[in-house]
Amino acid sequence: AGMEVDADASDPTPTNSVVMFERGCNFPIVRRVTLKRSGKFTVDAMYDDSAAAYQYPEGVSKSIATFHISAPVDTDCKIRVNVKQDIHGSLTLSSAQMVEEIPEEEAAAEDGAEAKADEEEKKKPKLKKTNLEFSIVRPLDWTEAELQREIEVEVDM
């Protein structure tokens, strides 16, 4: 399955796309992709063109799910998106996080005496991770209203 970010409706060619799950890969597995985005954006999960070689029906939508992610509007920030393929082969967005690097001065002030001892060693920059709100839309999902309507039809039988 491939992932596509912010495809334009008038030009369905992906602006940014990557194949994240190859056919026959082991699962459950989580794959991570880091993006630079601001504001609300979408990530589309879909079968890639190689699906036709494995008897994927022609003319059927290749969409698996659409993930709507809300990031801060003010500036482009690093957004880390974790997509999980579960034991049943279903895709879901396990998390979406904004990742900010904490400047060395602030990190040193927080660590106090430990920072002095570690100055000789080269250490990784400290990262601040903020979870972002997201929603998942699947082509075959029913809305709550549709589900209630069908339940009422079943009860009336």
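What counts, and at which threshold
- Residues numbered from 1 in each chain as written.
- Predicted model: local features only at pLDDT ≥ 70, side-chain atom pairs only at ≥ 80, totals over all residues.
- Heavy atoms only, no water.
- Phe/Tyr/Trp six-rings, centres within 6.5 Å; stacked < 30°, edge-to-face > 60°.
- Lys NZ or Arg CZ within 6 Å of the ring centre and 35° of its normal.
- Patch = residues over 30% accessible without salt bridge, like charges linked within 9 Å, V, L, I, M, F, W, Y side chains within 5 Å.
- Areas by Shrake-Rupley, 256 points an atom, 1.4 Å probe, with all protein chains shown as cover.
- Salt bridge = Lys/Arg side-chain N within 4 Å of Asp/Glu carboxyl O.
- Helix = DSSP H or I, 4+ residues; strand = E, 2+ residues; numbered from the N terminus.
- Core = buried A, V, L, I, M, F, W, Y, C linked by side-chain atoms within 4.5 Å.
- Buried < 20%, exposed > 50% of the residue type's maximum accessible area, 1.4 Å probe, protein only.
- pLDDT = per-residue confidence, 0-100.
- Polar contact = N/O pair within 3.5 Å; in protein donor to acceptor, adjacent residues only side chain to side chain.
- Contact = heavy atoms within 4.5 Å.
- Pairing = 2+ DSSP bridges.
- Axes fitted to C-alpha atoms, helices over the stretch in contact; angles between N-to-C directions.

Quick look at the packing of aromatic side chains now. Overall, the coordinates contain one aromatic pair when judged by the stated rule. Residue placement shows Arg23 over the ring face of Tyr54; its charged tip is 3.9 Å from the ring centre.

Further remarks concern a nonpolar patch on the surface. Together, Trp142, Leu147, Ile151 and Val155 give the surface a local cluster of nonpolar side chains, amounting to about 410 Å² of exposed area. Tracing the sequence through the fold places Trp142 in the loop between strand 9 (133-137) and helix 3 (144-156).

Take the nonpolar core next. Counting 21 residues, the largest nonpolar core has Phe41, Ile69, Ile79, Val81, Val83 and Leu132 as the members making the most contacts within it. Going through the elements one at a time, strand 4 (40-46), strand 5 (63-70), strand 6 (77-85) and strand 7 (91-101) are the ones with two or more residues in this core.

On to the pattern of salt bridges, then. Between side chains of opposite charge, a pair can form as their charged atoms come close. Taken as a whole, this structure holds two salt bridges when the rule is applied. In this structure, Asp49 and Lys62 form a salt bridge, with 3.4 Å as the shortest nitrogen-oxygen distance. With Asp49 in the loop between strand 4 and strand 5 and Lys62 in the loop between strand 4 and strand 5, the pair connects residues that are 13 residues apart, well separated along the chain. You can call Asp49 exposed: its relative accessible area is 67%. Its salt-bridge partner being Arg149, residue Glu150 comes within 3.3 Å of it at the nearest N-O pair. Overall, Arg149 belongs to the partly exposed group, its relative accessible area being 47%.

A word on the confidence of the model for the protein chain. Residues of the protein chain with pLDDT of at least 70 account for 79%, and the chain-wide mean is 79. Across the protein chain, the secondary-structure element scoring lowest on mean pLDDT is helix 2 (residues 113-118), at 52, and the one scoring highest is helix 3, at 91.

Time to look at the environment of Ser61. Within the secondary structure, Ser61 is located in the loop between strand 4 and strand 5. Spatially, the C-alpha atom of Ser61 lies 8.9 Å from that of Pro139, the residues being 78 residues apart in sequence. From its side chain, Ser61 meets the backbone nitrogen of Ser63 in a polar contact 3.2 Å long.

With that settled, the discussion passes to the side chain of Asn82. Its location among the elements puts Asn82 in strand 6. When sequence neighbours within four positions are dropped, the list of residues in contact with Asn82 reads Val30, Arg31, Arg32, Thr92, Leu93, Ser94 and Ser95.

Moving on to the sheet that holds strand 3 (residues 29-37). Strand order across the open sheet formed by four strands is 3-6-7-8, with antiparallel pairing between neighbours. What marks the edges here is a single partner per strand, and that holds for strand 3 and strand 8 (127-131). Adjacent strand axes in the sheet meet at a mean angle of 30°, parallel and antiparallel pairs treated alike. Across nine bridges, the pairing between strand 3 and strand 6 is antiparallel. Within strand 6, the position partnered with Leu35 by the bridge is Ile79.

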